[in-house]
Amino acid sequence: MSAVSPLRTTGEEQLLTGWGRTSPSLARVREPRDVADIEQAIAEVGPRGLLARGLGRSYGDAAQSGGATVLDMTGVSAIDLDANAGTLTAGAGASLDDILRRIVPAGFFVPVTPGTRMVTVGGAIAADVHGKNHHVDGTFGSHVRRLGLLGSTGERHELSPTGSKRECEEFWATVGGMGLTGVITDATVDLIPITSSLISVDTERTPDLDSTMQSMVAGDDRYRYSVAWIDSVHPSGRGVITRGDHADISQLPAEQRPSALNYRAKVVGTAPPFIPGRLLNKLTVRAFNEAWYRKAPQRRVAELQPIAEFFHPLDFVQDWNRVYGPGGFVQYQFVVPDSASEVVGTALRTLQGVGAPSFLTVLKRFGAANPGPLSFPQPGWTLAADVPASVPGLGRALDQLDELVAGAGGRLYLAKDSRQSPDMLARTYPRLAEWQAIRDRMDPTGLFTSDLARRLSL
Amino acid sequence: MNDALGEPQSVLVLGGTSEIALETVKALPRARIRRVVLAGRPSPARDEAVAALTGVGIAGVTAVDFDAKDTGAHAELINSIFDAGDIDITLLAFGILGNQDDAEADPDHAIDVATTNYTGAVSVGLRVAQRLKTQGHGSLVVFSSVAGDRARRSNYVYGSTKAGLDAFAQGLGDALHGSGAHVLVVRPGMVRTKMSAGLKEAPMTTNPDVVAGIVVAALRKGKETVYAPGPLRFVMAALKTLPRPIFRKLPN
């Protein structure tokens, strides 16, 4: 390639980061409105390739690709509910937020939702997201009946988990495939029928990490949804377990039954555009965590909570990722098998040791894995903690934790990762080569790539 | 690609035997480094540099032939390096001090200094910038000098090349603003290296590893200009305001 163009950037080019606001790179952003627009973008692609991006909620560099064409898919967002079949067909750029507004009043819920509803269907499949019901229902990808995919020559694929062997392979390489097998255009997913928009929630405050874990082992099977928040700055690792299930209309007081399927999800505030990096420190996080812990009752049973309050507490504050200041943050999320449950405590102590203030530390038990070679969940414990990227010594501390996680047979979640090494990935995803072989067959020219793919030699 | 904690995977050193540049590579976080390209003329010193970096546990260190004055070869060289993979950090670290008396007696020597330090840097710097723009990320570190802040009687040929290089690098940084790529201009004072061996030490003379530490910290913070050592910023600001009759009389 010869140097011919000036260094000026054009209006189409944008600096993109993940939700953690680290490591920006410049890409040519296009906004397709339909499949034809995507085909055209593929036909006009440059030497740096192409990548689809949803709402940018992956924390690291999964939805950015320096120098490439990045498709902002949020315009491809048609939603079609088939109430008789209990399925939804949606454009890859449709958000769970839009979908819930549409389907909850009709008596349905999404099969899986992560801690934010500000994710797209395409992103949910590409990252194979999980939610509070993983121990019962598995990942989002486990509920996808079919998906449409555009390949590197613009050819259209229909993929389903019940198709031919080749189709199955390509389906499961796309589920959890981080957008590297092609551009997902739309998908059909099974929905959960509901009779009310409320969740019946049991809350339990625990004095330390051991009792949290014991209680989850003993009781999770009785609930469809379960998660624990951990006070990561308190030496005991105390926490609050919230578990629940969709409330049946019969559980509602009589006067509420006519409006049982009402759905409201409001944003109550927006984080200011600039927050100094020092605002979030050990003192403010300790104060927040103390208040969060005290707010929870010692034990409360069958409290009726709206969907947004139970599933999406983060979404009440728009752009909350700004609270970590201009340096951005990383989210460290790993899974380890039950046999290595002690890694959870070690990880919390390690993060405390480097003085990493985290107020969104979440612990959950995973159920069975699905057939996706790059799908993250496997049976055991998963812990997710936010840490400001500027904490001194963080890199070494996380590298040491990586060793521990890998040694225990665990791994890191690619949708959160922004710093693991290629060796760590290869060691902890034993089916990486199998996935790469299928991806190479689907995309022989390596058209679909991302900063994450380059960083990890995916 | 730098990771979220600012750790690079690939480094290119233009002037692959520069002591300051080699110390900078050693001072970078090295856990994620997979590729270091030392570009310089073939020499035992270049072989030793490869061995030294490899010896401290840095992965993927190789050497390529590069001559700052052979500007006709720059495009192919830079393209081949970037075609093999993105470069996260490029250190533009070549340069010669020359000899002021020789330069005044033999202008060809002055031209040699100017071609190496300025023309060569403009040639290779623009080609690197083009590729950084294309990849959408990366840092270019340009080693300027306080000698460029105000030319002195005793070494104004060298000083003028650094003044030109400094102005070029600042403009390049502005051109790349918003492109995902970033230029850091480093202005060291006198540094104890083979280049300055035998010269009388100026006040605030420092060592290559100190400069390296300052460069790495500045990269981490995304700075655009940094002096080494830092307080030289104030010394140079004061020197620049001195009237010429006084400046001329300062001891060299």
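Located above this text is the structure these notes cover.
Predicted model only: the values in this text are computed from it and were never measured.

### Describing the sheet that holds strand β6 (residues 181-188) of chain B
Strand pairing in a sheet relies on backbone hydrogen bonds. The paired strands run either parallel or antiparallel.
Residue and element names in this part refer to chain B.
Next, step 1: Strands sit in the order β3-β2-β1-β4-β5-β6-β7 across an open sheet of 7 strands; the sheet is parallel. Each of the sheet's edge strands pairs with one partner strand only, and the pair in question is β3 (61-65) and β7 (225-228). The sheet shows a mean angle of 20 degrees between the axes of neighbouring strands, taken without regard to direction.
Next, step 2: Pairing between strand β2 (residues 35-40) and β3: 5 bridges, direction parallel. When the bridges of β3 are listed, V36 appears paired with V61.
Next, step 3: Taken strand by strand, helix α1 (residues 19-27) contacts β1 (10-14), β2, β4 (89-92), β5 (138-143) and β6, and its axis lies near 170 degrees from that of β1.

### Description of the sheet that holds strand β13 (residues 225-230) of chain A
All names here are of chain A.
Next, step 1: One open sheet accounts for 8 strands, arranged β16-β12-β14-β13-β19-β20-β18-β21; its pairing is antiparallel. Lying at the two open borders of the sheet, with one neighbouring strand each, are β16 (299-306) and β21 (411-412).
Next, step 2: In the sheet, strand β19 (residues 361-366) pairs with strand β20 (residues 380-388) via 5 bridges, with the strands oriented antiparallel. Bridge pairing in β20 links F366 to G380.
Next, step 3: Where helix α9 (residues 342-353) meets the sheet, it contacts β13, β18 (329-336), β19 and β20, and its direction lies at approximately 10 degrees from that of β20.
Next, step 4: Its contacts with the sheet place helix α10 (residues 394-407) against β18, β20 and β21, and it is angled at close to 15 degrees to β18.

### Remarks on the nonpolar core
Residue and element names in this part refer to chain A.
Next, step 1: Counting 119 residues, the largest nonpolar core has I125, I184, A187, V387 and L414 as its most contacted members.
Next, step 2: With 6 residues, β18 is the largest single contributor of residues to this core.
Next, step 3: There are two domains that each give this core at least three residues, and those are domain 1 (75-193) and domain 2 (198-419).
Next, step 4: Excluding residues that lie within four positions of it along the chain, I184 makes contacts with A52, A92, G122, I125, A126, L147, L149 and T174.

### Some words on helix α12 (residues 432-442) of chain A
All names here are of chain A.
Next, step 1: Buried within α12 we find W435, R439 and M442. The buried residues of α12 occupy an angular sector of 55 degrees when projected down its axis, which confines them to one face. Exposed residues on α12 whose side chains face more than 90 degrees from its buried face are A433 and D440.
Next, step 2: Those residues of α12 that are buried are in contact with α5 (165-174).

Conventions used here
- For every chain, the first residue of the written sequence is number 1, and numbering continues from 1 onward in sequence order.
- Following the order in which they are written, the chains are lettered starting with A and the ligands numbered starting with 1.
- With the structure being a predicted model, the display of local features is reserved for residues of pLDDT at least 70 and the display and counting of side-chain atom pairs for 80 or more, all residues being used for whole-chain, interface and lining totals.
- Strand pairing requires that DSSP identify at least two bridges connecting the strands.
- Every helix listed is a DSSP run of H or I at least four residues long, and every strand listed is a run of E at least two residues long, numbered separately from the N terminus.
- Fitted lines through C-alpha atoms serve as axes, helices being fitted only where they are in contact, and the angles separating the N-to-C directions of these axes extend from 0 to 180 degrees.
- Here the contact rule is simple: place C-beta atoms from the backbone, and any two residues whose C-beta atoms are within 7 Å are in contact.
- For the purposes of this analysis, a nonpolar core is taken to be any set of buried Ala, Val, Leu, Ile, Met, Phe, Trp, Tyr and Cys residues that are connected through C-beta atoms within 7 Å.
- The burial label depends on the number of other C-beta atoms within 10 Å of a residue's C-beta. Counts of 20 or more mean buried, 12 or fewer mean exposed, and intermediate counts mean partly exposed, with C-beta atoms placed from the backbone.
- These domain boundaries are the output of an automatic or database domain assignment.
- Directions from the helix axis toward the C-beta atoms define the arc.

Taken by themselves, the reported measurements are silent on function.
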